[in-house]
Amino acid sequence: MSATPSIDTRTAPYAALLLRVSLGALLIAHGLLLKVATFGLAGTAGYFQSLGYPAFFAYLVILGEIGGGLALILGLWTRWIALLLLPILIGATLQHAGNGWLFTAKGGGWEFPVFWTVTLVVQALLGDGAYALRPGALFGRTARIGGPVTQTR
């Protein structure tokens, strides 16, 4: 085994893109379709209260899932967004931990939130990937994949 990692720099940015868009789409679906469209804002807030959390946590989670999902899809602040979403997924993991492993368990299992948590960590480690909007470029700075931030002239 080689101590040097073997990473294909030609395809790695597209792998990060695929992961980023997949995570973003799932977050939006979970926040918008499940929490807003299916249960409604009041219903989701009521559910959070039934678990012993303040109702405003539901609104923070919804905002995090929808806003964070959109930011990931666009590639805006990818590393930070992925890290900021971790408390939501860790909270979901803890909430489902007593239900068992599989999603089909009553109340949902904990395997999906754990997987989602791990993929957010992977995204944070990988970074933006291809086709990301980089806010720094608006201010005369660009980020190279795998390299430091440089000034553009």
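In every chain, residue numbers begin from 1 and rise along the written sequence. At least 70 in pLDDT is required for a residue's local features to be given in this predicted model, at least 80 for side-chain atom pairs to be given and counted, and no such filter applies to totals for whole chains, interfaces and linings, which use all residues. Only heavy atoms go into the side-chain values, all of them from the structure, while hydrogens and water stay out.

## Notes on helix H2 (residues 40-50)
For an α-helix, 3.6 residues make a turn, and residues three or four places apart therefore share a direction. This is how it is decided: Per-residue accessibility, obtained with a 1.4 Å probe over protein chains only, is compared with the maximum for each type, and a residue is labelled buried under 20%, exposed over 50%, and partly exposed between these values. Helix and strand assignments follow DSSP, with helices taken as H or I runs no shorter than four residues and strands as E runs no shorter than two, numbered in order from the N terminus. Note on contacts: a residue pair is in contact if any heavy atoms of the two residues lie within 4.5 Å.
Every buried residue of H2 is listed here: Gly40, Thr44, Ala45 and Phe48. At its buried positions, H2 is contacted by helix H1 (12-38) and helix H3 (55-74). Count one or two residues on from H2 and you reach Gly52, which has phi positive near 95°.

## Remarks on the environment of Gly43
Checked against the element boundaries, Gly43 lands in helix H2. We classify Gly43 as partly exposed; its relative accessible area is 35%. Put simply, Gly43 and Ala55 are 12 residues apart on the chain and 9.9 Å apart in space, counted from C-alpha to C-alpha.

## Overview of the pattern of salt bridges
Going by this rule: Salt bridges, as used here, are contacts in which a Lys or Arg side-chain nitrogen is within 4 Å of a carboxyl oxygen on Asp or Glu.
All chains considered together, the criterion is met by three salt bridges. Notably, a salt bridge pairs Asp8 with Arg10, separated by 3.0 Å at the nearest N-O pair. Relative accessible area serves as the criterion here: at 64%, Arg10 is assigned to the exposed category. Salt-bridge contacts for Glu65 lead to Lys35; the nearest nitrogen and oxygen are separated by 3.1 Å. Of this pair, Glu65 sits in helix H3 while Lys35 sits in helix H1, placing them 30 residues apart in sequence.

## Section: the environment of Arg79
Put simply, the test is: Polar contact criterion, stated in full: a pair of N or O atoms within 3.5 Å, where within protein one must be able to donate a hydrogen and the other to accept it, and residues adjacent in sequence count only if both atoms are side-chain atoms.
Assignment of secondary structure puts Arg79 in helix H4 (residues 78-96). For the pair formed by Arg79 and Val121, sequence separation is 42 residues and the distance between their alpha carbons is 8.7 Å. From its side chain, Arg79 meets the backbone oxygen of Ala124 in a polar contact 2.8 Å long.

## Quick word on the confidence of the model for the chain
For residues with low pLDDT, the predicted coordinates do not support detailed interpretation. We count it as follows: Note on scores: pLDDT gives the predictor's confidence for each residue, bounded by 0 and 100.
The predicted model of the chain averages 89 in pLDDT, with 88% of residues at 70 or higher. Scored below 50 in pLDDT, residues 145-153 shows 16 contacts in the model against residues more than four places distant or in partner chains.

## Things to note about the packing of H1 against helix H5 (residues 111-126)
Applicable threshold: Lines fitted to C-alpha atoms define the axes here, with helix axes fitted over just the stretch in contact, and angles between the N-to-C directions of these axes take values from 0 to 180 degrees. Orientation is classified from the angle alone, with under 35 degrees giving roughly parallel, over 145 giving roughly antiparallel, 65 to 115 giving roughly perpendicular, and any other angle giving oblique. The sense of a crossing depends on the near helix, which, turned anticlockwise from the far helix by less than a right angle, makes the crossing left-handed and, turned clockwise, makes it right-handed. Each residue gets one of three labels, nonpolar for Ala, Val, Leu, Ile, Met, Phe, Trp, Tyr, Cys and Pro, charged for Asp, Glu, Lys and Arg, and polar for the others, Gly among them.
Direction vectors running N to C along H1 and H5 enclose 135°, while the axes themselves pass 10 Å from each other. By the angle between their axes, H1 is oblique relative to H5. The handedness of the crossing between H1 and H5 is left-handed. Residues Ala16, Leu19, Arg20, Leu23, Leu26, Leu27 and His30 of H1 pack against Phe112, Trp116, Thr119, Leu120, Val122, Gln123 and Leu126 of H5. Taken together, the residues of the contact of H1 with H5 break down into 10 nonpolar, three polar and one charged.

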